[in-house]
Amino acid sequence: MRVLVVEDEAKIAGALCAALGAEGHEAARVGDGPAAVAAVERGGVDLMVLDLGLPGFDGLEVLRRARAGGWRGPVLVLTARDAVDDRVAGLDAGADDYLVKPFAVAEVLARVRALARRGAAEASRLVVADLELDIVERRARRAGRLLDLTPKEFEVLLLLARHAGQPVTRRMLAEAVWNDVPRATPLDNVIDVHVARLRRKVDDPFAVRLIRTVRGVGFVLESAGCA
Ligand code: CA
């Protein structure tokens with residue numbers, strides 16, 4: 001994991017970076033709010049260990065700006081005071097966990113490990129309405145029921161799920177699922193047959209239909225479902 005340590009106390013920051021490095025993480029440190037936001041915006045930050053009391057602007061503002069900019073990585077907040085207000089504000093602003101100073105470095109490492117695991121588990125799963133795709137196992141469930149999909153059908157569903165709420169064109173499906181390059185006879189019929197079979201499995205047994213045809217464009221997986 002690429003961990004950004006945001007801490008203005010050089011001694012603490014140094015100890016954290018060394019310990020994270022020894023655990024196999026790629027750790028970097030910044031010492032103020034603006035530098036932290038700039039680092040997140042540059043990219044390459046998977047997880048943040050974030051002190052709340054910082055020069056420039058504080059850790060809560062860093063968190064708000066990072067989340068507002070679309071950054072979704074886990075955040076472990078460090079707070080000097082055991083103030084309930086700070087914790088609540090931190091969690092409200094999008095922190096995943098917090099530690100009260102003074103803390104043992106081993107405790108930080110344990111929390112980072114837990115957050116990294118949780119992040120990996122979430123990335124291997126995609127949920128749209130009552131549909132759940134396990135990207136590692138290549139399996140899909142709807143309303144908890146395992147769907148009997150062929151590998152191609154799963155790939156079609158995965159592409160639709162990754163663009164849930166937006167139309168997916170037959171061209172996109174041809175390229176992503178069939179590795180097809182544009183050619184004279186498109187794969188449209190093959191794609192339509194697969195989507196029809198997919199619908200029989202994903203939609204027919206259930207009251208709410210999720211896969212909708214967008215005429216002249218392609219298909220959309222509804223994130224809310226349509227009757
Ligand atoms: Ca501080």
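For the structure, see preceding data.
Residues numbered from 1 in each chain as written. Predicted model: local features only at pLDDT ≥ 70, side-chain atom pairs only at ≥ 80, totals over all residues. Heavy atoms only, no water.

A.B. asks: In this structure, what is going on with the side chain of Glu 153? I would like to understand it.
C.D. replies: When you line up the elements, Glu 153 lands in helix α6 (residues 151–162). Since its relative accessible area comes to 1%, Glu 153 is described here as buried. The contact partners of Glu 153, leaving out residues within four places of it in the chain, are Asp 148, His 194, Arg 197, Leu 198 and Lys 201. (Helix = DSSP H or I, 4+ residues; strand = E, 2+ residues; numbered from the N terminus. Buried < 20%, exposed > 50% of the residue type's maximum accessible area, 1.4 Å probe, protein only. Contact = heavy atoms within 4.5 Å.)

A.B. asks: How should I be thinking about the pattern of salt bridges in this particular structure?
C.D. replies: Between side chains of opposite charge, a pair can form as their charged atoms come close. Scanning all chains against the criterion turns up 20 salt bridges. Here Glu 9 ties to Lys 101 by a salt bridge, and the two come within 3.4 Å at their closest N and O atoms. In this pair, Glu 9 is assigned in the loop between β1 (2–6) and α1 (10–22) and Lys 101 in the loop between β5 (97–100) and α5 (105–123), connecting sequence segments 92 residues apart. With a shortest N-O distance of 3.4 Å, Arg 67 and Asp 96 are connected by a salt bridge. Of this pair, Arg 67 sits in helix α3 (residues 59–68) while Asp 96 sits in the loop between α4 (84–92) and β5, and the two are 29 residues apart along the sequence. (Salt bridge = Lys/Arg side-chain N within 4 Å of Asp/Glu carboxyl O.)

A.B. asks: Would you take a moment to explain the packing of helix α7 (residues 170–178) against helix α8 (residues 188–202) for this structure?
C.D. replies: Helix-helix packing is described using two parameters, namely the angle between the two axes and the distance between the axes. It is at 10 Å that the axes of α7 and α8 come closest, and there the two elements cross at 85°. By the angle between their directions, the pair α7 and α8 is classed as roughly perpendicular. Here Arg 170, Leu 173, Ala 174 and Trp 178 of α7 come into contact with α8, specifically with Asp 188, Val 190, Ile 191, Asp 192 and His 194. (Axes fitted to C-alpha atoms, helices over the stretch in contact; angles between N-to-C directions. Parallel < 35°, antiparallel > 145°, perpendicular 65-115°, else oblique.)

A.B. asks: Which parts of the structure should I look at to understand the pairing of β5?
C.D. replies: Residues in a regular strand point their side chains to alternate faces of the sheet. The alternating pattern of β5 places Asp 97 and Leu 99 on a buried face and Tyr 98 and Val 100 on a face that is not buried. Where strand β4 (residues 75–79) and β5 come together, four bridges link them in parallel fashion. Bridge pairing in β5 places Val 77 opposite Tyr 98. (Pairing = 2+ DSSP bridges.)

A.B. asks: When you look at the packing of α1 against α5 in this model, what are you seeing that I'm missing?
C.D. replies: Packing of α1 against α5 leaves a shortest axis separation of 10 Å and a crossing angle of 55°. Judged by the inter-axis angle, α1 sits oblique to α5. Between α1 and α5 lies a crossing whose hand is right-handed. Contacts from Ala 15, Leu 16, Ala 19 and Leu 20 of α1 reach α5 at Val 105, Val 108, Leu 109 and Val 112. A per-class count over the contact of α1 with α5 returns eight nonpolar, no polar and no charged. (Left-handed = near helix turned anticlockwise from the far one by under 90°. Nonpolar A, V, L, I, M, F, W, Y, C, P; charged D, E, K, R; others polar.)

A.B. asks: Hey, could you run me through the packing of aromatic side chains in this one?
C.D. replies: Summed over the entire model, instances satisfying the criterion amount to zero aromatic pairs. Arg 65 extends its terminal NZ or CZ atom over the ring of Phe 57, reaching a point 4.0 Å from the ring centre. (Phe/Tyr/Trp six-rings, centres within 6.5 Å; stacked < 30°, edge-to-face > 60°. Lys NZ or Arg CZ within 6 Å of the ring centre and 35° of its normal.)

A.B. asks: Honestly, the side chain of Arg 142 in this entry has me stumped. Any pointers?
C.D. replies: Assignment of secondary structure puts Arg 142 in strand β8 (residues 139–142). Of the residues examined, Arg 142 reaches a relative accessible area of 2% and is grouped as buried. Of note is the side chain of Arg 142, whose polar atom sits 3.1 Å from the side chain of Asp 203. A polar contact is formed between the side chain of Arg 142 and the backbone oxygen of Val 208, at a distance of 2.7 Å. Discounting chain neighbours no more than four positions away, the residues touching Arg 142 are Asp 130, Leu 131, Leu 147, Val 202, Asp 203, Phe 206, Val 208 and Leu 210. (Polar contact = N/O pair within 3.5 Å; in protein donor to acceptor, adjacent residues only side chain to side chain.)

A.B. asks: Would you take a moment to explain the coordination of the calcium ion for this structure?
C.D. replies: Think of it this way: four donors in a tetrahedron around the metal ideally sit 109.5 degrees apart, and six in an octahedron ideally sit 90 or 180 degrees apart. Protein coordination of the calcium ion is provided by Asp 8 (OD), Asp 51 (OD) and Gly 53 (O), with donor distances spanning 2.1 to 2.4 Å. The motif formed by the donor residues of the calcium ion, counted along the single chain, is D-x42-D-x1-G. Within this pair, whereas Asp 8 is found in the loop between β1 and α1, its partner Gly 53 is found in the loop between β3 (47–51) and α3, the two being separated by 45 residues in sequence. Asp 8 gets classed as partly exposed once you look at its relative accessible area, which sits at 33%. (Donors = N, O, S within 2.8 Å, 3.2 Å for Na, K, Ca; no water.)

A.B. asks: Teacher, can you tell me more about the pairing of strand β7 (residues 131–134) here?
C.D. replies: Burial along β7 is one-sided: the face carrying Leu 131 and Leu 133 is buried and the face carrying Glu 132 and Asp 134 is not. As paired strands, strand β6 (residues 125–128) and β7 are joined by four bridges and run antiparallel to one another. Its bridge partner lying in β7, Val 128 is registered against Leu 131. As consecutive antiparallel partners, β6 and β7 are separated by two residues, and within that stretch Ala 129 has a phi angle of approximately 50°, a positive value. Relative to β8, β7 is paired through four bridges, and the arrangement is antiparallel. What sits directly across from Leu 133, in β8, is Ala 140. Counting the residues that bridge the hairpin from β7 to β8 gives four residues, and of these Arg 138 lies at a positive phi of roughly 55°.

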